[in-house]
Amino acid sequence: MGASDLGSSWRDDMDDLCVRGIQLDHVGLSGGEPLLLKQETFEFFEHARERFPRAWLRLYTSGDLLSDGDLERFGACGLDEIRFSFKQEDSSEIGKRLFSRVAEAKRHLSFVAVEMPVFPGSFPYMRDLMETLAGLGVDSINLLEFCFPLANWGEFAKRGFRIANPPFDVLYRYDYAGGLPVAGSELECLRLLDFAQESDLGMGVHYCSLENKHRAEMFSLNAASAWLSDAYIFDEGDFFLKTCKIFGDEVLRARYLLDGIDAACIEHEAAGFIECHPDCKQMLDKEGIHAVISYNVLEQRDGRAVLRELALR
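So, here's what we can say about the structure.

Rules behind the numbers
Residues numbered from 1 in each chain as written. Predicted model: local features only at pLDDT ≥ 70, side-chain atom pairs only at ≥ 80, totals over all residues. Heavy atoms only, no water. Patch = residues over 30% accessible without salt bridge, like charges linked within 9 Å, V, L, I, M, F, W, Y side chains within 5 Å. Areas by Shrake-Rupley, 256 points an atom, 1.4 Å probe, with all protein chains shown as cover. Salt bridge = Lys/Arg side-chain N within 4 Å of Asp/Glu carboxyl O. Helix = DSSP H or I, 4+ residues; strand = E, 2+ residues; numbered from the N terminus. Buried < 20%, exposed > 50% of the residue type's maximum accessible area, 1.4 Å probe, protein only. Right-handed = clockwise from strand over helix to strand, strands pointing away. Pairing = 2+ DSSP bridges. Axes fitted to C-alpha atoms, helices over the stretch in contact; angles between N-to-C directions. Parallel < 35°, antiparallel > 145°, perpendicular 65-115°, else oblique. Contact = heavy atoms within 4.5 Å. Nonpolar A, V, L, I, M, F, W, Y, C, P; charged D, E, K, R; others polar. 1 Å grid on protein atoms, 1.4 Å probe; cavity = no way out; pocket = protein on both sides within 12 Å on 5 of 7 lines; lining within 4 Å. Points joined across faces, edges and corners; volume = space filled by probe spheres on them. Disulfide = S-S within 2.5 Å.

### Comments concerning a nonpolar patch on the surface
For step 1, the next point in the chain: Where nonpolar side chains cluster on the molecular surface, the patch consists of L36, L37 and L65 and spans about 270 Å² of accessible area.
For step 2, the next point in the chain: Among the secondary structure elements, L65 is positioned in the loop between strand 2 (56-61) and helix 3 (70-77).

Put into structure tokens, the structure is as follows:
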């Protein structure tokens, strides 16, 4: 849940889940910055602990607004984990203050982590930061691929950033992490992974790419698609729902060949095409039939599942 969602509804949402007998394993609060609404953030986790006593509770924050006693209070609220985000442009004074909050968090919470995007050319800064965090006993750092969120490109351009080339293949307007990767960020993340392995830092180091976020969202949308016909597959490589389509004058011959191997086939006579299992494409290609793979996502609209086609390839 994002901080912008805070308001009366989050209590109702938690209560509704409990009434329906649904117990959550994890509850996280992110932003924006949740601590802009600090008192309500405390209340959020107190209510979450009451409603979901076995859930792992996590807070995402820059840490800038933490005051003395806040982390102890979060521990008393039942918060399990805090994830700090460092900003490279911060002064050394701000950095020292945040390091002190990280050390304080270790005394009151079960798990302390850092999560932040990695800018191109930031390897020296990130290397030193990781060494300092490891020395403070931080449990984990999550390195995020730095991305352009499809807005305010001028701010990126004046800082010398470029979009990764070749272009990133985006077939869907993702809700969780829509955007495009910035050139050079992934390379820095991979260098930092090598450094962590060679240095034996003693803390977890994870790289979260934009592709990983996209695949995770597609998995969450499409994994519950068992109702689809045998002409579709849930591709465990990219988690799109896929079928093979044949159009126009080639439909009749394709249908004859598919019947001959007893392949599942769906005919859309009015639209002039048929669908079959993607594994049939190789056989159809050999027979000179132009078959294409259809990429799909399962969306919820007005309370019902709708299959949306995203691309033909």
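Now that the structure is up, let's keep going.
### Details of the pairing of strand 4 (residues 111-118)
For step 1, the next point in the chain: The buried count for strand 4 comes to 6 of 8 residues, which makes it a mostly enclosed element.
For step 2, the next point in the chain: For the segment spanning strand 3 (residues 81-84), helix 4 (residues 92-108) and strand 4, crossover handedness is right-handed.
For step 3, the next point in the chain: Pairing analysis gives 6 bridges linking strand 4 to strand 5 (residues 140-145), with the strands arranged parallel. Bridging across to strand 5, V114 finds its partner in I141.
For step 4, the next point in the chain: Read as a crossover between parallel neighbours, the route from strand 4 over helix 5 (residues 123-135) to strand 5 is right-handed.

### Considering the packing of helix 2 (residues 38-51) against helix 3
For step 1, the next point in the chain: It is at 9 Å that the axes of helix 2 and helix 3 come closest, and there the two elements cross at 25°. As far as their axial angle goes, helix 3 and helix 2 are roughly parallel. Here K38, Q39, T41, F42, F45, E46 and R49 of helix 2 lie close against helix 3, whose contacting residues are D70, R73, F74 and C77.
For step 2, the next point in the chain: Of the residues contributing to the contact of helix 2 with helix 3, the split by class is 4 nonpolar, 2 polar and 5 charged.

### As for the layout of surface pockets
For step 1, the next point in the chain: Approximately 690 Å³ is the volume attributed to the largest pocket.
For step 2, the next point in the chain: What lines the largest pocket is a set of 24 residues, and nearest its centre among them are S85, E115, M116, P117 and L144.
For step 3, the next point in the chain: Contributions of two or more residues to the lining of the largest pocket are made by strand 2, strand 3, strand 4 and helix 6 (153-157).
For step 4, the next point in the chain: Take the lining of the largest pocket: its biggest share by element is 3 residues, from strand 4.
For step 5, the next point in the chain: Taken together, the residues of the lining of the largest pocket sort by class into 10 nonpolar, 7 polar and 7 charged.
For step 6, the next point in the chain: As a volume, the second largest pocket reaches approximately 460 Å³.

### Focus on the pattern of salt bridges
For step 1, the next point in the chain: Across all of its chains, the model carries 28 salt bridges by this definition.
For step 2, the next point in the chain: Linking K106 and D139 is a salt bridge whose minimum nitrogen-to-oxygen distance equals 3.3 Å. Residue K106 is found in helix 4, and its partner D139 is found in the loop between helix 5 and strand 5; the two are separated by 33 residues along the sequence.
For step 3, the next point in the chain: For K106, a relative accessible area of 29% translates into the label partly exposed.
For step 4, the next point in the chain: With relative accessibility at 24%, the residue D139 sits in the partly exposed group.
For step 5, the next point in the chain: Put simply, R58, E81, R83 and E115 are held in one network by salt bridges that share partners.

### Here's the deal with the state of the cysteines
For step 1, the next point in the chain: Applying the stated criterion across every chain, the model contains 0 disulfides.
For step 2, the next point in the chain: Free of any disulfide, C18 has its nearest neighbouring cysteine sulfur in C77, separated by 17 Å.
For step 3, the next point in the chain: For C18, a relative accessible area of 23% gives the class partly exposed.
For step 4, the next point in the chain: The thiol sulfur of C208 is not disulfide-bonded, and the nearest other cysteine sulfur, from C147, lies at 9.0 Å.

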